[in-house]
Structures are given as C-alpha cells and as structure tokens.
Amino acid sequence: MTAPAVRLSGITKRFGPVVANDAVDLEIPAGTIHGIIGENGAGKSTLVSVLYGFHRADEGRIEIDGRPAEIRDSADAIALGIGMVHQHFMLVPNFTVLENVMLGAEGGWRLAGGARGARAALARLGAEHGLEIDPEAEVGGLAVGLQQRVEILKALFRGARILILDEPTGVLTPEETTRFFGLLATLKARGVTVLLITHKLGEVMAATDGVSVMRGGRMVAHRVTAETGPEELARLMMGRDIAAPARPAASAPGTAPALEARGLGWRDRRGVACLEAVDLALRPGEILGLAGVAGNGQSELLDLLAGLMPPQAGEIRIGARRITAADPADPAEMRRLGLAHVPEDRHRRGLVLAMEAAENAVLGYHHGPQAGPPGRLSPAAMRAHCARLMARHGVRPEAPSLRAAAFSGGNQQRLVMGREIEADPAVLLIGQPTRGVDIGGIAALHEQILGLRAKGCAILLVSVELDEILALSDRVAVMAAGRIVAEFPCAEATRERIGLAMAGIPETPGAAAAMAGPGAAGPAGGGGGGPGPADPRH
Amino acid sequence: MGWLDLLLTADSALRLATPLMLCAMAGMISERAGVIDIGLEGKMLAGAFTAAAAAALTGSAWAGLGAAMAVGAAMAALHGFACITHRGEQIISGVAINILASGLTVVVGIALFDQGGQSPPLGPEARFRPIVLPGVETLSGVPVLGPLWRELVSGHTLPTYLALAVVVGAWWMLGHTRFGLRLRAVGETPAAVDSAGLSVPGLRYRAVLIAGLLCGVAGAFLSTAHGAGFVREMSAGKGYIALAALVFGKWRPWPVLFACLLFGFLEAGAARLEGEVLPVIGRVPTQVILVLPYLATVLLLAGFFGRAVPPRALGTPYSKER
Amino acid sequence: MTRLPAWADYGLIPVLNLGLAFAVAALVIAALGEDPAAALEVLVAGAFVYEGALGYTLFYTASFIFTGLAVAVAFQARLFNIGAEGQAMLGGLGAAGLCLAFDAVLPALLMIPLAIAGAAAAGAAWGAVPGWLQARRGSHIVITTIMFNFLASGLVVGLLSGPLMRPGQSNAETRALAESARIAQWHEIAPLLGLEAGRSPLNLSILLAVAACIGVWWLIWRTRWGYALRCLGLAAPAAEYAGIPVARITVQAMAVSGALAGLMAVNTVLGAQGKLLINFTAGFGFTGIAVALMGRGHPFGVALAALLFGALYQGGAEFDFEFATITREMVLLVQGLIVLFTGALSQMLVPLVARALGRA
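Note that the structure is predicted; figures quoted are calculated from it, not measured. (Residues numbered from 1 in each chain as written. Chains lettered and ligands numbered in written order. Predicted model: local features only at pLDDT ≥ 70, side-chain atom pairs only at ≥ 80, totals over all residues.)

Points about the overall build of chain A
Which entries qualify depends on this criterion: We count a stretch as a helix when DSSP gives it H or I for four or more residues in a row; a strand needs E for two or more, and each element gets its number in order from the N terminus. For the exposure call, what matters is how many other C-beta atoms sit within 10 Å of a residue's own: 20 or more marks it buried, 12 or fewer exposed, and in between partly exposed, using C-beta atoms placed from the backbone. Note on contacts: residues are paired as contacts if their backbone-placed C-beta atoms lie within 7 Å.
Counting its regular elements, chain A contains 17 helices and 20 strands. Split into buried and exposed, the 538 residues of chain A put 51% on the buried side. Put simply, 68% of the contacts in chain A that link residues at least 6 apart link residues at least 24 apart.

With respect to the pairing of strand 13 (residues 287-291) of chain A
All names here are of chain A. Definition in use: Note on pairing: DSSP must find at least two bridges between two strands before they are called paired.
With five of its five residues buried, strand 13 lies for the most part within the structure. On strand 13, burial covers both faces: Ile287, Gly289 and Ala291 on one face and Leu288 and Leu290 on the other are all buried. As paired strands, strand 13 and strand 18 (residues 458-462) are joined by four bridges and run parallel to one another. Paired with Gly289 across the strands is Leu461, a residue of strand 18. Bridge count for strand 13 against strand 19 (residues 475-480) is four bridges, and the pairing is parallel. Following the sheet pairing, Leu290 is matched in strand 19 by Ala477.

Considering the interface of chain C and chain B
For the record, the criterion: When residue character is reported, Ala, Val, Leu, Ile, Met, Phe, Trp, Tyr, Cys and Pro are called nonpolar, Asp, Glu, Lys and Arg charged, and the others, Gly included, polar.
Contacts between chain C and chain B engage 39 residues on the former and 36 residues on the latter. Residues of the side of chain C that touches chain B, tallied by class, amount to 24 nonpolar, 13 polar and two charged.

Overview of unusual backbone geometry
For the bond running from Arg396 of chain A to Pro397 of chain A, omega is -10°, close enough to zero to count as cis. A positive phi angle is found at Arg296 of chain C, which is not glycine, with a value near 50°. Within the element layout of this structure, Arg296 of chain C appears in the loop between helix 12 (284-294) and helix 13 (299-317).

Let's talk about the sheet that holds strand 13 of chain A
Residues and elements named next belong to chain A. Where we set the bar: Axis definition: a line fit to C-alpha positions, over the contact stretch in the case of helices; interaxial angles, taken between N-to-C directions, run 0 to 180 degrees.
With mixed pairing, the six strands of this open sheet are ordered in space as 16-17-18-13-19-20. Every interior strand has two partners, whereas the edge strands, strand 16 (339-342) and strand 20 (483-489), have only one. Taken over all neighbouring pairs, the strand axes of this sheet differ in orientation by 20° on average, direction set aside. Across four bridges, the pairing between strand 16 and strand 17 (residues 427-431) is parallel. For Val342, the partnering residue across the bridge sits in strand 17 and is Ile430.

Considerations on the interface of chain B and chain A
The partner chain A presents 22 residues to the 17 residues of chain B that form the contact. Residue assignment for the side of chain B that touches chain A shows that the elements contributing at least two residues are helix 8 (178-188) and helix 9 (190-195) of chain B. It is helix 8 of chain B that contributes the most residues to the side of chain B that touches chain A, five residues altogether. Residue composition of the side of chain B that touches chain A, grouped by class: six nonpolar, five polar and six charged.

Describing the environment of Gly169 of chain B
Inspection of the secondary structure assignment puts Gly169 of chain B in helix 7 (residues 158-176). Along the backbone, Gly169 of chain B and Pro253 of chain B are 84 residues apart, and their C-alpha atoms lie at a distance of 9.5 Å.

Points about the sheet that holds strand 12 (residues 273-282) of chain A
Residue and element names in this part refer to chain A. Judged by pairing direction, the sheet is antiparallel, and its four strands sit side by side in the order 12-11-14-15 without closing on themselves. In this open sheet, the two edge strands, each paired with only one partner strand, are strand 12 and strand 15 (321-323). If you compare each strand with its neighbour and ignore which way they point, the axes differ by 20° on average. Relative to strand 15, strand 14 (residues 313-318) runs antiparallel, the two sharing three bridges.

Observations concerning the UniProt feature "transmembrane region" (unreviewed entry) in chain B
All names here are of chain B. In plain terms, the rule: UniProt positions are given in the numbering used here, feature names are shortened, and annotations may be inferred rather than shown by experiment.
Residues annotated in UniProt with the feature "transmembrane region" (unreviewed entry) correspond here to residues 65-84, 91-113, 158-174, 207-231, 251-268 and 288-309. Each end of residues 91-113 is marked by a C-alpha atom, and these two atoms are 33 Å apart; helix forms 100% of the span and strand 0%. Between the first and last C-alpha atoms of residues 158-174 the distance is 24 Å; the span itself is 100% helix and 0% strand.

Examining the pairing of strand 20 of chain A
Residue and element names in this part refer to chain A. When strand 19 meets strand 20, the two strands line up antiparallel, connected through six bridges. Directly across from Ala480, in strand 20, lies its bridge partner Arg483. Linking strand 19 back to strand 20 in an antiparallel pair, the connection comprises two residues, with Ala481 at a positive phi of about 50°.

What follows is the structure, encoded as structure tokens:
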C-alpha cells in the first residue's frame, strides 16, 4: 500500500486564547476524494490553512506522500504539490485567465516565453479534465463557475497532486455544481488527491471516498463514506441534543404580523442572486428562528429588513409602511417604525469599539432623550442611561466610561442587546446573538430574548447554531441558496430534519438524487449506513 | 501663432514634460503596486538638490545623476519602511517626505554652499548638454521634416530622452515581464500574490524603490539639465502635476504619457502667450491655462468625463486575515 | 494587535515619538557642525524671551490653531484634508473681497464680523466641494484637495494680478484695507491696559482661535452632529447601521474644516498684513497637518501643538542670525520629522513599549 498523500498528526493551532485546532489527526489515502465536514467555526478552514502554509501550526507534524514536510508558507506548499482553491477566490479580477494562471509560475522573466508554454498547458489540462476556457478572457467578467475553473487550473498548472477545495460549491448554481462533481471524478481518475471542505452532507455522500468530521476544533470521527449516511454525519457534526428550556406558548397564530416580507429579492454586484422570492411574517410574541449555513442569504435578509440595503424586488411591510425598491427606508426610519436590530457583526457594526460604552449605548438612538436634552449631547445623560442599561441587562463591569473594546464578547453582546431592548421595539432582528460569547453568557442572552418575547415583541432570530434556534424558536425556517426552503413549527423541528434541509437535501426521498452529480457512486441521502453512536476515534 | 511657433512650443512642452513623465512613471509603478505616492514632489526636490550639489562638488553631471537617484531611493525606502513595514498611513508618509525634502534641501544647501539655499551655478561640464542628433544637417533642407527634426526631436538633454525611454520601458515592464505581472497583481489583489507563494512586501518595496530612482532622475533633470544649479523649491509643484497626470492617464503608461505631454504643452503655451493679445479672447488668461491640468483631473476623478479607476488595493496595507 | 493602556497610548507614545523627531533633528544639527543644545537655547530665547518674540510666537500659534483644527475636524471623520492651504487662500479672498467692497461704508463693528463670516464661508465652500465629490462621485478626497490647493492658488494669483490688484501698481496685491477692516493688534491695545508690549503682529484673532478650539471641542463632543461625525470616523459600518447619513456628514465635516482653515486669513490678512498678498498662507495649511497629528486630533491637543509650532517658527527664525550653517528652514525639517514619527510611524514604538510594560 502506498503512503497516504497527507498525514497530519496532532495539529494544534491557537489564535490568542482561542484554540482553533486541537490535536487534529487526519490521513488521506493517495488518489481519493476526502471530505471534511463541520459546522461554521469547527476549525476546518484553519486546518487547511495550516496545510497550505497560510498559518503555521503551534504543534503537530505534517507528512506529504510519506515524507515529513515543513510548510512555512504557500510557496513551500506549492513546491510539495499542494494546491488550494479558496472559498473566496484568489484571483486578480482585471487579469486574463492566462495571467492569473501564470502569476507566481511565469516560467522566466519575460512573459512571452512562459506564455506560450502556459497556453499549451492550459489547452492540455482543459482537454484532459474537461476544463476548457478562453485563456484571454478577463476573469472579472467570468461567471463564478468559470472563475472556480481558473482556480483549479492554477493549481493543476503548478503541478498540484493534492488539491484542497474550501467550500467549493457555496457560490455555484445547481448546474455548475453538477458539472463540478463531474470534474472531481475526472481529477480522481487522473490520480489527484482531493480534500473537500464543506458542510453540505449531500455533496460528501455523493462525491467522497472518505469523510472526517470536525466539531469545536477537534476531529470527532473518520468514516468511509459508503459505510455511513447523512443522518449519522449530521449528528456527528452537530453534537448531542440539548433539552430545550420550557417556554410559555406563543401568542395566537392568528395575530396580524408585526413585520411581513413578500417576494424579497436581492442580487450582489456580480449579479449573483443572494435572495430570491423570500416570504416571511413575524408575529407579536413569537420567535421565528432562521437556520442555515452561513452565507446562504441570511445576512442579506437582515440587511434588507433593517433598512441597510433597499430591496431590489418585493416589499417589506411594517405597520402601515410599505418599503419597496422605489420607496426604500434607511435604518433611522426603520428604528422610528419600531424595528430594532442586533447585527451579526457586533465588532464592525453593532459597536464603535473605540468609543465609551455609554456612547455605544445610544448608537442609533442618539437623537433620542437618552443622549441628552434637545440640541445637546450630554455625557452625563448617556452615562446614566448606560448605567441603568448595564444594571438591567447584566453588563459587567458596570463601567459606562470604559471603551467598548475593553469588554468581553459576552458583555459587548449584552450591551448591544440591552440597547435594542431598551428601545422597546415592536420587531427585533437578531443576528448570531451568541457568536464569540462564552457558555455562561449564552444562557443570559437567551433569557433576554425570551423576556422580550414575553412582552409581545416579534423576533427574527438568525443563527448558525442549531441548538440556539431549537432552544428559542416558536417556528423554524431554513434558508439555503437565498431561499427559504423549509419551515417547521417548534414541535416538529428536529435536528435531523433541519440539518437535512440546511444541507440542501429535500425531504421527499426521490428528489434526493437530484443533488448527486454525475460523480455520485450511488443513491445519495436516506440510504447510507444506519445511525449509530458517535464514535470519535481520537 | 505660426507653424514654427507651434514647433517651438512643442519643443518646450517636451522639455517641461520631462520631469512630469519621470515622476508620473514613478508614481505609476508605486501605485500600480498598491502604494500611494504623494511624495513625488519631495523626492524630486531632494533629487534636484543632490544632483546639483554632487555635480558642483565633483564637476560631473553623471555623479550628480547617480547621487540624485541614490537619495531618491533612500527617501523611497523611508516611505516603504513607514507604509509597508509599519503599515502607516501612506498619505501622511508622503506629506512627511515632501516637508522633509523642503527643509533638508535648504538646510543642507546653506551648510554646504552658504548661498541662501542655492547651489553654485554649474558650468557646462557639470550639466547635461543638449544632444544634437545625427541628421540635423542632412535634413535641414527638407521642408517640414527638417525643422521638425531640428527643433522638436533633436537638441534635448539626456534626461529627456531617458524619460521617453522610461515610459516605453515601464510599458514593456508592466505588460510583458514577470515583474510587471506581479506588480500589477499586488496592487489589485495582494492576497492572490500571497497565495501564489510570493512576497507582498518584497514586491511593494521594489516598486517603491524604483519610484525613488525615477524621481531622482527627474530632480537631476531640473537642476543639471533644464537649469544650471539648484534653486529653493525648484520642483514648484511639478510632482503634484505628475500626480494629476497619473490620475488623468488612469494609471496606464501611454495615457499618462499623453497627459504629461498635454500638461507640458499647456504650461509651454501659457508661457508663450503671456501678455499677448489674441483676437476674440483678448488678453490671454494664463492663470486659467495653468490650472487646467488640475481642473481636468478633478473633473475626471469625479467621473464627469471618463472614469479613472485606481488599482483596487491602492492605499491599503496588506495583512493576512484572521 | 497590541493594546496599550490609555495613558501610554495618549501620553507616552506621542511624547516618545516627538522625542524621536527632535533627536533626529539634533543629529542633523550636530552633523552640520553646530551644537544642538545651543540651537535649542536660541530657539527658546527667540520664541519667548526677546522683545516682541512672544507676540510673534502667539501670532503664528493662532494661524496654526486654525489650520490644525481644520485638519483635525476632518480627521475625526477619517477624512484627509490636505487642502487646508487652499481653503485658507479662499478665506483670504472671501475676507479681502468683502473688505474691498464695503470697508469704505461700513463701520468696524459691522465690517469685521462680515469679513470673518466671508473668510469662513469661502473656506467652507472650498472644503465642501471636495467633500461632496468624495461622498457623491467617489473621488478620492486627498487627490481632490491637493488639486483644489492649486486651483485656489491659481485663483488668488489670477485675481491679485487682475481685478483685485491695487490700481496703478505692479505688485500682485490688493490695496491696503481701511482701518474699519483691521483687527486691533496687541501692542496697540496693551498700553490702554497699562501694559507694555513689543511690536508684533499678535492681534485679537487669537481670541477667535481660542474660541474656535472651544467651539470645535463642543461641536465634536457635545453635539449629536459631533457624535455622528466621530462614529463615521471610527467605524463607518457602525455609522451606517446607526442610520447616520454618511454623505451629508462627510460634506458638512469638510465644510466645517474648510471654514476653520479660512479663518486663518482673519489672523493674517485682517490682523497683520492689512491687505491680501500672494502666498500669504505660507504653507501653514500643510503645517496644520503636523499640528493636527501631534495634537492627536483633539482641539486642546491642537492648541498645544500649535503653540509648539508657533515657538518653532518664531524661535527658528533666530537661527538665521545666530548660526552660520543652520537656518529657519531647520524648522521645516523638524516639522517633517514630526509628521513622520507622530503620523506615519506612530505605531512603530507600540510593540516596544508594550514589551517594556510587560504586555505583549
């Protein structure tokens, strides 16, 4: 038996106090397609960054093709035959395909010399792998699927025998995805070892030979794909069920919605549809949980509802106001309409880190009396308001004049949450409330949210933490590829059903095959190995 | 204005455009690599002083040119140290370099020569003399081509021909060499360069240093070719006009060359028309002509005609994320 | 990123950077064969001790306060206003233009406030346009303000050698303004208060400068507009989230910045020269950048930094008389070093200090 293409042993990587990878082991046989799955923040990206030389591991050993390797930077990785396709493409948009492919591997100081060889190599690689592309096309003008093709060609052109693909299908259309799986099969047939980082179970089942599961920075299980199934993988990925706290019943379902969205659509600058025909209704006294893998349109939805971006299609109704592309509202108007927003990214948006907590406590409400009498900004008034807020919402230390940056993640989040709750909103949008918050802080934040619900606020909770969604929501909606693909009442929402919907596997068994590309070895979804106990090998 | 007048104006335009071309190419190379350079003016001024001082002390224009390039590169290295190594604000660093040059040239000039900040006048051997190209005699009888060759093409100093060569060289370097490819990439998407296993700071340092060398040549032109010695503040805002030409030429070699020549022509024309009374217009408002480059740049930058898109990573120091 | 305690961040680091700038300047002086200590002595005497010296120092201080505040206000919104020089020129045109038109008919009590308003308004307009171009048309404010400096200079030269030129004169300057448009100088007032003062251009504009410091402080830290401005400067995405109108604040910030720069003309044109001269701004708009950086963008810091620069300017002038090899241009060098160390290299010492303080 030949040596494994990649063997990682005991890889540990810390970022300050955060352990992103904790003694991770991984072995990938040469010439196979190996998947690594895990939720957001499970440590997958850090692991491959170490393998590609973007970060250096604090501890651990790397062996490539059976030989110990020291990978200090990307140049080392490339020399070892490792290629990487990043989730966010590393392409120069105003370069041609040829220029992008040649960058760093020009083959001589004059471009003309290397270009001839590179053009020939592109033609050859294109024919071999079905990756034909016009070498003179400008990359910025290409469709995303073609840009990805350029990334793969870049790696192959450098002689990569080990190809890392980080969330390769996140940005692809369904047709492009199908074609992509065909490509994976071709690569494998040519002897390339592929490392596929994803959180889409369907893709893992359809395309890989082996799969490793990561959770919380650790490697929790290795499986042979043919011997497992999406249910088991979903459970391994998510961890064990946590009992949901007891909750009073939601308000009567017949109540008129406090906020309603119909047919919302939004495309980014490249024309990629981030949101398509999204309908939702938020009722007073109810929490709607929006589950989904990060980057499936939840952020854009929050921005649209908060007035940070105008909708391009559809409308938002809040009270008597109708918000459309022709008649948009800005965040200040949305606040006046009774909408509060706890943004996903509290460091960039929710707080001005360099300002005092007291000044942050009025952010967005600085025209109100809490910032001082009319015509004047009063630090005393802001501090008094902040002190009240801190006491009521448990922000520690209770020091209004401390800079926001000096508080811990949990206390920063309580400050933001408290600020929005104090505005007594009719509608509250919450993005990732517990991201970067320690375990102790999570419970307190959840209590705050439930308290607001009890007061009759309509709440939209967006989170990539399924536990959180399950613990708090009255209804759960699942978002994938810019659409709401499923909705369950609280009682029917199970981890597995949500996980499968998130992964893009429809509930009706027959439709599952549509997800599997031509590279699929057999029927995907449903059929794999039966559920068994989580059994991490390490 | 007759045909010969026009020719003479064009000739003087080429002379006036020489420092613009050199500085604008310097700025182009630095900014295509992602480093803003508003210190062109200062580096040119320092170069002008150094060239004059070295030429006066050694009696050799070549020594002056070499010294000017060395000082230009040294100031560029300082810029790089601040904005590449320490990731400081590129604008502020450029401002600092301009002020430093203003102060240093006079302080050192007085200490060296005690002539109120000027250098001693340079003799012919310490300056670059006009070069008479072959064929001036032969072509003298030919109509049109003869005067064109004699007045416009021939009779410039070495730095002028060098500047034209630099434009061609910069064009070729950017578009046809490995270094040029990497340079353009590092100004657009430094992450792609890093991911290709190349050093982002290394490339940026090289670009910044080349800019320094070219500004040094521009300075040497001012004091040892165009002029005969250093005069306080002799760069007189030319570095900023070069910056305008760079923006006006959308950071591309040929359009930048065109902008430099246009701006040079405007200046030459303004000088020629000073005090003249033309039909219809009356007395020529030379001030209006002189500020046209700035006005045009403002309008272009605001997208009122055309669109100048700067390199995407211009002004942002690079760091690996996370 | 390394974090330092506030006292080190706001106190120690700037002082160390300033020290570095002076140390390098001292090295240059030593390299030129003069004694740095003697130079410092001359500087201090020239700035504070000689008759009228303090007056000159404070006169320059007033100018630097205006341009320093101008740069600082824009910087609070994270806008680099390199155009204080041009805005000051426009301020001069605004003030002098109104004076030339009305100084024969208006009494001082009306003429001077009108001229001050004219200076501020003209400077504000010259600042607001680049602000608008950045906010609405996406032009880079640095390039635009640099270009506006040259446009202003062209405008001043054009007007001073044309419509505004003193009749029957060949110098590019206006006629002398009437007494009603002159701001009283300290050496004229002092005797009325029973004090003695040497002749200097120090005038009552310094009170306006002090008021401007307090006013800017109040505007930035005691109004909702200032709050919006600081949010925008510190975290633009958070400002958007908070519903702050980013474009409008940008234009207004540049208008306020330009108005402050324009007020510099009150000190020099109405207070000292009594007419509009070419180059009356003397590069003080650029000095404003150094002043704002050293003052860390805070109005009171700006006042202190302006005093330092005023002393450097006035004291440095003595170099011309006292030394053979060093001259007042030494001050420009110091200014450049200060911009370099307290601005572009401001973070250089942070890791070092952090290590010394035992927090890496």
